[in-house]
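Take a look at the letters that make up each chain.
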Amino acid sequence: MTSLDDQAAAILRGNDRGGYTVPTAGLYPFQWNWDSCLVALGWATFDMDRAFTEIETLFSAQWPDGMVPHIVFHRPDPGYFPGPDRWGTHRTPASSGITQPPVAASCVRRLVEAGDAQAEARARALFPKLLASHRWFHTVRDPDGTGLVTTLHPWETGMDNSPAWDEALARVEIAADLEPYLRKDTGHVDPAMRPTKAEYDRYMTLVQRFREQGWRHDITRTSPFRVADVGTNCILLRADSDLLALAIRFGEHEATTEIRAWIDRAGPAFAAFVDPSTGLWHSYDRVSQSRVPTPTSAGFLAFWAGLGDAKLVSLVEPWHDRTSFGVPSVRATDPRFDSKRYWRGPIWLVVSFMIAEGLREAGAGALAERVRNDSRTLIERAGFFEYFDPLDGAGLGGPDFTWTAAMWLAWIRPGP
Ligand code: DGY
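Residues numbered from 1 in each chain as written. Predicted model: local features only at pLDDT ≥ 70, side-chain atom pairs only at ≥ 80, totals over all residues. Heavy atoms only, no water.

## Quick notes on the sheet that holds strand E2 (residues 71–73)
Piece 1. Within the open sheet, the three strands sit side by side as E1-E2-E3. Their pairing is antiparallel. This sheet does not close on itself; its edge strands, each paired only once, are strand E1 (31–32) and strand E3 (94–95).
Piece 2. Note: E2 against E3, two bridges, orientation antiparallel. When the bridges of E3 are listed, Phe-73 appears paired with Ala-94. (Pairing = 2+ DSSP bridges. Helix = DSSP H or I, 4+ residues; strand = E, 2+ residues; numbered from the N terminus.)

Below is the structure:
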């Protein structure tokens with residue numbers, strides 16, 4: 001093993017809290033949904049048993065309606081806000097009340113295809129839970145059967161303060177009775193790399209409103225923030241296809257019919273994301289009933305969903321104009337680009353991974369390799385940071401970040 005291989009494995013082990021891995025010590029001291037699933041891909045490179053445990057632990061917090069929460073508070077930690085009291089979901093184990101992009105089925109498929117009979121048995125045991133989580137998305141978050149699922153909070157997208165949410169979030173009126181709060185994130189990392197107070201007031205307003213409504217399903221209709229996130233929908237479509245492959249593998253015939261119906265419904269609905277004048281994919285604001293104005297790298301997850309066409313391939317290179325590394329979350333030519341602030345320009349390697357894998361599958365292997373090479377250079381120069389400045393490659397956010405280490409092990413490191 002090279003020393004970076006060793007360092008990456010040591011980061012996973014160091015952030016292991018017993019059955020789950022924290023994204024990074026301090027800033028994120030609990031189990032996060034999409035982090036854990038993607039981190040399982042890293043564990044699988046040297047400990048398949050531990051990889052499955054990561055996902056099983058996450059699903060131990062699945063709600064009876066099928067939702068998999070975005071944070072599971074396995075044990076108390078005063079170093080993070082908002083904690084379980086603020087969410088008020090009254091679950092065991094304690095959890096938040098919103099979800100995150102559903103990468104689980106795609107990760108489980110990768111594990112089972114790389115694993116042995118033991119992996120097969122554990123994936124089979126997870127299958128009903130995965131199916132329930134997809135059914136939750138396609139019913140609770142798409143109650144009218146439109147083919148697009150709705151996101152109710154920027155944190156559900158995993159891309160918290162992306163400029164894609166600026167307009168939709170600005171419409172959220174900060175609650176006059178907003179409970180006072182003390183942020184903890186800005187005590188761990190430079191505030192210039194984190195969301196602003198105006199954004200946080202709105203994040204907390206949404207949490208407070210949903211809690212007051214008892215986390216009932218009708219928040220899908222009443223939330224002032226309702227967006228069909230291009231990232232979440234592309235990730236869900238890919239996960240539906242991977243779930244279908246698992247259903248076929250396990251002989252789950254009834255499930256295949258249900259999953260195929262979800263996939264069929266998505267196809268025509270996804271046209272809403274595409275700006276016909278540029279070919280770029282944008283999220284769709286359900287409140288204003290229009291595409292959000294700012295395109296972000298989430299639009300390139302169309303490749304991960306298997307839907308990126310030649311036109312979209314031709315837009316990947318220009319997206320890198322004026323940056324030294326890809327794939328920036330926002331194009332540097334965009335007035336809202338900020339190379340250091342959370343989701344407003346920096347690079348996340350998990351997003352790069354999904355885009356590159358999708359590009360490879362779409363036949364754009366050279367472009368996929370460029371993304372992978374850039375990702376390797378970033379880690380080699382800066383280390384295993386949470387995210388990276390696309391202009392100078394500086395490491396930003398939390399250090400020794402688990403999913404960055406996992407991407408090194410599962411995707412980036414040189415090798416066959
Ligand atoms: C945070 O606290 O920054 C998280 O992204 C919310 O999930």
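## Examining the nonpolar core
Piece 1. Formed by 138 residues in total, the largest nonpolar core has its most connected members in Leu-38, Leu-130, Phe-300 and Leu-301.
Piece 2. Of all the elements, helix H12 (residues 230–249) adds the most residues to this core, at ten residues.
Piece 3. Beyond its immediate chain neighbours, meaning those up to four positions away, Leu-38 contacts Val-103, Cys-107, Val-350, Phe-353, Trp-403, Ala-406 and Met-407. (Core = buried A, V, L, I, M, F, W, Y, C linked by side-chain atoms within 4.5 Å. Buried < 20%, exposed > 50% of the residue type's maximum accessible area, 1.4 Å probe, protein only. Contact = heavy atoms within 4.5 Å.)

## Focus on the layout of surface pockets
Piece 1. Empty space within the largest pocket amounts to approximately 280 Å³.
Piece 2. Leu-41, Arg-110, Leu-111, Ala-114 and Ala-410 are the residues nearest the centre of the largest pocket, which is lined by 16 residues in total.
Piece 3. Mapped onto the lining of the largest pocket, the elements with two or more residues apiece are helix H5 (104–114), H12, helix H16 (349–361) and helix H18 (402–412).
Piece 4. For the lining of the largest pocket, the element with the highest residue contribution is H5, accounting for six residues.
Piece 5. Residues belonging to the lining of the largest pocket are distributed by class as follows: eight nonpolar, two polar and six charged. (1 Å grid on protein atoms, 1.4 Å probe; cavity = no way out; pocket = protein on both sides within 12 Å on 5 of 7 lines; lining within 4 Å. Points joined across faces, edges and corners; volume = space filled by probe spheres on them. Nonpolar A, V, L, I, M, F, W, Y, C, P; charged D, E, K, R; others polar.)

## Side note on helix H13 (residues 253–269)
Piece 1. With 17 residues, H13 should reach 24 Å at 1.5 Å per residue; the first-to-last C-alpha distance of 26 Å fits that figure.
Piece 2. Among all positions in H13, only Ala-255, Thr-256, Ile-259, Trp-262, Ala-266 and Ala-269 are buried. Along the axis of H13, the buried positions cluster into a sector of 155 degrees, meaning they face one direction only. The exposed set on the far side of H13, more than 90 degrees from its buried face, consists of His-253, Glu-254, Thr-257, Asp-264 and Pro-268. (Expected span 1.5 Å × (residues − 1). Arc of directions from axis to C-beta.)

## Considering the site of the ligand
Piece 1. Looking at the ligand, the residues that line it are Tyr-28, Trp-32, His-70, Tyr-80, Trp-155, Asp-160, Arg-194, Tyr-200 and Tyr-342.
Piece 2. Interatomic distance of 2.5 Å between a side-chain N/O atom of Tyr-80 and an oxygen atom of the ligand.
Piece 3. Within the contact set of the ligand, an oxygen atom lies 2.8 Å away from a side-chain nitrogen or oxygen of Arg-194.
Piece 4. Look at the ligand: alone it shows 230 Å² of surface, and the protein chains cover 96% of it.
Piece 5. Given that more than half its atoms are within 2 Å of the pocket grid, the ligand belongs to the largest cavity.
Piece 6. A class-by-class count of the residues in the shell around the ligand yields six nonpolar, one polar and two charged. (Near = heavy atom within 4 Å. Polar contact = N/O pair within 3.5 Å; in protein donor to acceptor, adjacent residues only side chain to side chain. Areas by Shrake-Rupley, 256 points an atom, 1.4 Å probe, with all protein chains shown as cover. Sits in = over half its atoms within 2 Å of the grid points.)

## Quick word on the state of the cysteines
What is meant by a disulfide is a covalent connection between two cysteines, made through their sulfur atoms.
Piece 1. Within the structure shown, the criterion is met by zero disulfides.
Piece 2. Cys-107 provides the cysteine sulfur closest to Cys-37, a residue in no disulfide bond, and the two sulfurs are 5.5 Å apart.
Piece 3. Taking the relative accessible area as the measure of exposure, Cys-107 reaches 2% and is therefore buried. (Disulfide = S-S within 2.5 Å.)

## Observations regarding the pattern of salt bridges
Piece 1. On inspection of all chains with the given rule, the structure shows 34 salt bridges.
Piece 2. A salt bridge links Asp-166 to Arg-344, with the nearest nitrogen and oxygen atoms 2.8 Å apart. Residue Asp-166 is found in helix H8 (residues 166–170), and its partner Arg-344 is found in the loop between helix H15 (316–319) and H16; the two are separated by 178 residues along the sequence.
Piece 3. Classification of Arg-344 by relative accessible area gives buried; the value is 12%.
Piece 4. The salt bridge involving Arg-341 is made with Asp-338; its shortest N-O contact spans 3.7 Å. (Salt bridge = Lys/Arg side-chain N within 4 Å of Asp/Glu carboxyl O.)

## Side note on unusual backbone geometry
Piece 1. Here the residue pair Phe-81 and Pro-82 is connected by a cis peptide bond, since its omega of 0 degrees sits within 30 degrees of zero.
Piece 2. Position of Pro-82 relative to the elements: it lies in the loop between E2 and helix H4 (84–87).
Piece 3. Here the amide bond leading from Thr-92 into Pro-93 is cis, since omega sits at -5 degrees, within 30 degrees of zero.
Piece 4. A positive phi is found at His-90, a non-glycine position, where the angle reads about 55 degrees.
Piece 5. Along the chain, His-90 falls in the loop between H4 and E3.
Piece 6. The exposed category is assigned to His-90, whose relative accessible area is 77%.
Piece 7. For Arg-322, which is not a glycine, the phi torsion comes out positive at approximately 70 degrees.
Piece 8. Among the secondary structure elements, Arg-322 is positioned in the loop between H15 and H16.

## Side note on the environment of Gly-19
Piece 1. In this structure, Gly-19 sits in the loop between helix H1 (3–14) and E1.
Piece 2. On the basis of relative accessibility, which here comes to 16%, the residue Gly-19 falls in the buried class.
Piece 3. Taking the C-alpha atoms as reference points, Gly-19 and Pro-93, 74 residues apart in sequence, are found 14 Å from one another.

## Re empty space enclosed by the protein
Piece 1. Counted by the stated rule, this structure contains four cavities of 30 Å³ or more.
Piece 2. The calculated volume of the largest cavity comes to roughly 250 Å³.
Piece 3. Approximately 90 Å³ is the volume attributed to the second largest cavity.
Piece 4. Lining the second largest cavity are 13 residues, with Phe-59, Val-68, Pro-102, Ala-104 and Ser-133 positioned closest to its centre.
Piece 5. Looking at the lining of the second largest cavity, the elements with two or more residues in it are helix H2 (33–43), H5 and helix H6 (117–140).
Piece 6. In terms of residue count, H6 provides more of the lining of the second largest cavity than any other element does, four residues in total.
Piece 7. In terms of residue class, the lining of the second largest cavity is made up of eight nonpolar, five polar and no charged.

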